[in-house]
Amino acid sequence: MTWLLEPPFHSHIRRSEYHFSAPLPRFRCSALPPEPETESLVLSPDGPKERRRIVRLAWEKLVRWSRSLRSRAKTDVLERTNKIVVLGGGSFGTAMAAHVATRKSQLEVNMLVRDHQVCQSINEEHYNCKYFPQHKLPKNVIATTDAKAALLGADFCFHAVPVQFSSSFLEEIADYVDPGLPFISLSKGLELNTLRTMSQIIPKALKNPRQPYVVLSGPSFALELMNELPTALVVASKDKKMANSVQQLMASKHLRINTSSDVTGVEIAGALKNVLAIAAGIVEGLNLGNNSMAALVSQGCSEIRWLATKMGAKSTTLTGLSVTGDVMLTCFVSLSRNRTVGVRLGSGEKLDEILSSMNQVAEGVATAGAVIALAQKYKVKMPVLTAVARIIDNELTPTKAVFELMNLPQVEEV
């Protein structure tokens, strides 16, 4: 017996909107015997037993594929890397320094920091006393306040300085940066006055338009990286070989690294998700419930998609780690700095009080206004993210923002 299943949504999709180049598939289900030379994955009347067999075969095939690829994986990048420099002594910079240091005991990992107390703590006690006083760092992590010494002979540079301070910081150390030194940016956001991303800030500040550049992003809390919990990130570069090199350098048993060529999509998503996380925190602080949270985050994801695609982002990026993954983490988990700001705003605290009590930067606060300016440039309406910017500017209360958003015209979902 053979029958056809038509997709139930077939008649409701506008083909031009979703760019289907061929008719939607018709799914054929058949109870006929399988071909002799191929093993059937069609369920038989045996039920649960056959289902378990199918699952086992699928898993075994996945494991064989994984082993085959791992056996061919290159490790030469890590082998020939002798020194890495991390710019910044914050939580994520420290976590990255610790991670790459554990990849190879002979690797020299230099952290360029400004705080002399942090520098002394790392070198003498192997702890970052400010951010990770309970986590011992590998002995091959060395801190310094000397930019020239830190950068001399480095094979890779991890940039972990907050976006709003990056230009001035890089201009100060530009004379010590080798023009071929690959920069791996860990910073997320937009420069407030110029609307520039890190891929634009770094070459401009270093006066080298050809400075090798990679952006690293995805759902990751520094604390969980320090605890070596399973994590997946994405590295994006216009230079595919460079992205693959960073993948080899960083991938480990507890850290997966995907590669991408979509620098724009990864960077814009990383900036916008911080603003959305503030909105999610406001919903939590106002105790608006789970329905509201789901609706708000869904709308925010649409707004990220609208702007990112206008700027040239790829659709695969928008459903990957740097968008969907990072949004889930920053909007729903209490460790998120930006979400925490939103929760406290929703609970009635003043922004100045919130920021003065934090020892880390919540990039979404500074980024919000820049995001809206960028949206205006590309003629994209962003109701939720605009509301966040208005709240941060103290021109709208969280309660009033919810009222205004709920009273927007009823529209078709796009």
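Definitions and limits used
Residues numbered from 1 in each chain as written. Predicted model: local features only at pLDDT ≥ 70, side-chain atom pairs only at ≥ 80, totals over all residues. Heavy atoms only, no water. Helix = DSSP H or I, 4+ residues; strand = E, 2+ residues; numbered from the N terminus. Buried < 20%, exposed > 50% of the residue type's maximum accessible area, 1.4 Å probe, protein only. Contact = heavy atoms within 4.5 Å. Areas by Shrake-Rupley, 256 points an atom, 1.4 Å probe, with all protein chains shown as cover. Salt bridge = Lys/Arg side-chain N within 4 Å of Asp/Glu carboxyl O. Pairing = 2+ DSSP bridges. Right-handed = clockwise from strand over helix to strand, strands pointing away. Patch = residues over 30% accessible without salt bridge, like charges linked within 9 Å, V, L, I, M, F, W, Y side chains within 5 Å. Lys, Arg positive; Asp, Glu negative; His and termini not counted. Polar contact = N/O pair within 3.5 Å; in protein donor to acceptor, adjacent residues only side chain to side chain. Axes fitted to C-alpha atoms, helices over the stretch in contact; angles between N-to-C directions. Parallel < 35°, antiparallel > 145°, perpendicular 65-115°, else oblique. Left-handed = near helix turned anticlockwise from the far one by under 90°. Nonpolar A, V, L, I, M, F, W, Y, C, P; charged D, E, K, R; others polar. Core = buried A, V, L, I, M, F, W, Y, C linked by side-chain atoms within 4.5 Å.

J.: How should I be thinking about the overall build of the protein chain in this particular structure?
T.: Of the regular secondary structure elements, the protein chain holds 19 helices and 10 strands. By the burial criterion, 46% of the 414 residues in the protein chain qualify as buried. For the protein chain, restricting intrachain contacts to residue pairs at least 6 apart in sequence, the fraction spanning at least 24 positions comes to 71%. For the protein chain, the exposed area adds up to about 22800 Å²; of that, 54% sits on carbon and sulfur atoms.

J.: Explain the pattern of salt bridges here, please?
T.: Close approach of charged atoms lets side chains of opposite charge pair. Under the criterion given, the structure shown has 11 salt bridges. Glutamate 349 is the salt-bridge partner of arginine 344, the closest N and O atoms lying 2.9 Å from each other. We note a salt bridge from glutamate 395 to arginine 390, for which the minimum N-O separation is 2.5 Å. Glutamate 395 gets classed as partly exposed once you look at its relative accessible area, which sits at 48%. Judged by its relative accessible area of 38%, arginine 390 is partly exposed.

J.: Any chance you could explain the pairing of strand E6 (residues 156-159) here in plain terms?
T.: Within a regular beta strand, the side chains point alternately toward one face of the sheet and then the other, so they alternate between its two faces. Alternating residues of E6 divide into Phe156 and Phe158 and Cys157 and His159, and every residue in both groups is buried. In terms of strand pairing, strand E3 (residues 83-87) meets E6 through four bridges, oriented parallel. Residue pairing in the sheet places isoleucine 84 in a bridge with phenylalanine 156 of E6. Summarising the sheet, E6 and strand E7 (residues 183-185) pair through three bridges and their orientation is parallel. Its bridge partner lying in E7, histidine 159 is registered against serine 185. Note that the unit made of E6, helix H7 (residues 163-173) and E7 has a crossover that is right-handed.

J.: Looking at this structure, how should I read a nonpolar patch on the surface?
T.: Residues Trp59, Leu62, Trp65 and Leu69 make up a contiguous nonpolar surface patch of about 460 Å² in total accessible area. With respect to the helices and strands, leucine 62 occurs in helix H2 (residues 48-72). Its relative accessible area of 40% is what places leucine 62 among the partly exposed residues.

J.: Could you clarify how one ought to interpret the pairing of strand E4 (residues 108-112) in this entry?
T.: Buried residues dominate E4, accounting for four of its five residues. Sheet topology note: the E3/E4 ladder contains five bridges and is parallel. The residue bridging valine 85 from the neighbouring strand is asparagine 110, located in E4. In the classification by handedness, the crossover that spans E3, the intervening helix H4 (residues 91-103) and the parallel E4 is right-handed.

J.: So what exactly am I meant to see when it comes to the side chain of lysine 83 here?
T.: Within the fold, lysine 83 resides in strand E3. It is glutamate 108 that comes nearest to the buried, bridge-free lysine 83 among opposite-charge side chains, at 4.2 Å. A polar contact is formed between the side chain of lysine 83 and the backbone oxygen of alanine 149, at a distance of 2.9 Å. Leaving out residues up to four positions away in the same chain, lysine 83 has contacts with Leu107, Glu108, Asn110, Ala149, Ala150, Leu151, Leu152, Gly153, Ala154, Asp155 and Phe156.

J.: Got a minute to help me understand the side chain of threonine 197 in this structure?
T.: With respect to the helices and strands, threonine 197 occurs in the loop between E7 and helix H8 (198-206). A residue is classified by how much of its surface remains accessible, and threonine 197, at 7% relative accessible area, is buried. Of the polar contacts made by the side chain of threonine 197, one reaches the side chain of serine 199; its length is 3.0 Å. Setting aside residues no more than four positions away along its own chain, threonine 197 makes contact with Gly189, Leu190, Glu267 and Ile268.

J.: Any chance you could explain the packing of helix H18 (residues 383-392) against helix H19 (residues 398-406) here in plain terms?
T.: A pair of packed helices is captured by two measures, namely the crossing angle of their axes and the spacing between those axes. For the pair H18 and H19, interaxial distance at closest approach is 10 Å and the crossing angle is 155°. Comparing their axes, H19 and H18 come out roughly antiparallel. The handedness of the crossing between H18 and H19 is right-handed. Between H18, through Pro383, Val384, Ala387 and Ile391, and H19, the contact on the second element is made entirely by Pro398, Ala401 and Leu405. For the contact of H18 with H19, the per-class residue count stands at seven nonpolar, no polar and no charged.

J.: I would appreciate a short explanation of the environment of alanine 277 in the present structure.
T.: Within the secondary structure layout, alanine 277 lies in helix H11 (residues 263-285). Assessed through its relative accessible area of 0%, alanine 277 is described here as buried. Not counting residues within four places of it along the chain, the set of residues in contact with alanine 277 comprises Thr330, Cys331, Ser336, Asn338 and Arg339.

J.: For this particular structure, what's the right way to read the nonpolar core?
T.: Side chains of nonpolar character tend, in soluble globular proteins, to be buried together. In this structure, Leu272, Leu276, Leu296, Leu345, Val371, Met382 and Leu385 are the most contacted members of the largest nonpolar core, which totals 47 residues. Those elements that provide at least two residues to this core are H11, helix H12 (289-310), helix H14 (321-332), helix H15 (337-346), helix H16 (351-356), helix H17 (363-377) and H18. In this view, leucine 272 contacts Ile304, Leu307, Val371, Met382 and Leu385; residues no more than four positions away in its chain are not counted. If you look at the next biggest cluster of nonpolar residues, it comprises 41 residues, including Ala95, Val100, Leu137 and Leu255.

J.: Teacher, can you tell me more about the sheet that holds E3 here?
T.: Two orientations exist for strands paired in a sheet by backbone hydrogen bonds: parallel and antiparallel. Read across the sheet, eight strands follow the order E5-E4-E3-E6-E7-E8-E9-E10 without closing on themselves; strand pairing throughout is mixed. Because the sheet does not close on itself, it has two edges, and the strands there are strand E5 (141-144) and strand E10 (255-260). For this sheet the average axis-to-axis angle between neighbouring strands, irrespective of direction, equals 25°. Relative to E4, H4 is tilted by about 170°, and along the sheet it contacts E3, E4, E5, E6, strand E8 (213-217) and E10.

By themselves, these are just geometric observations and shouldn't be taken as functional.
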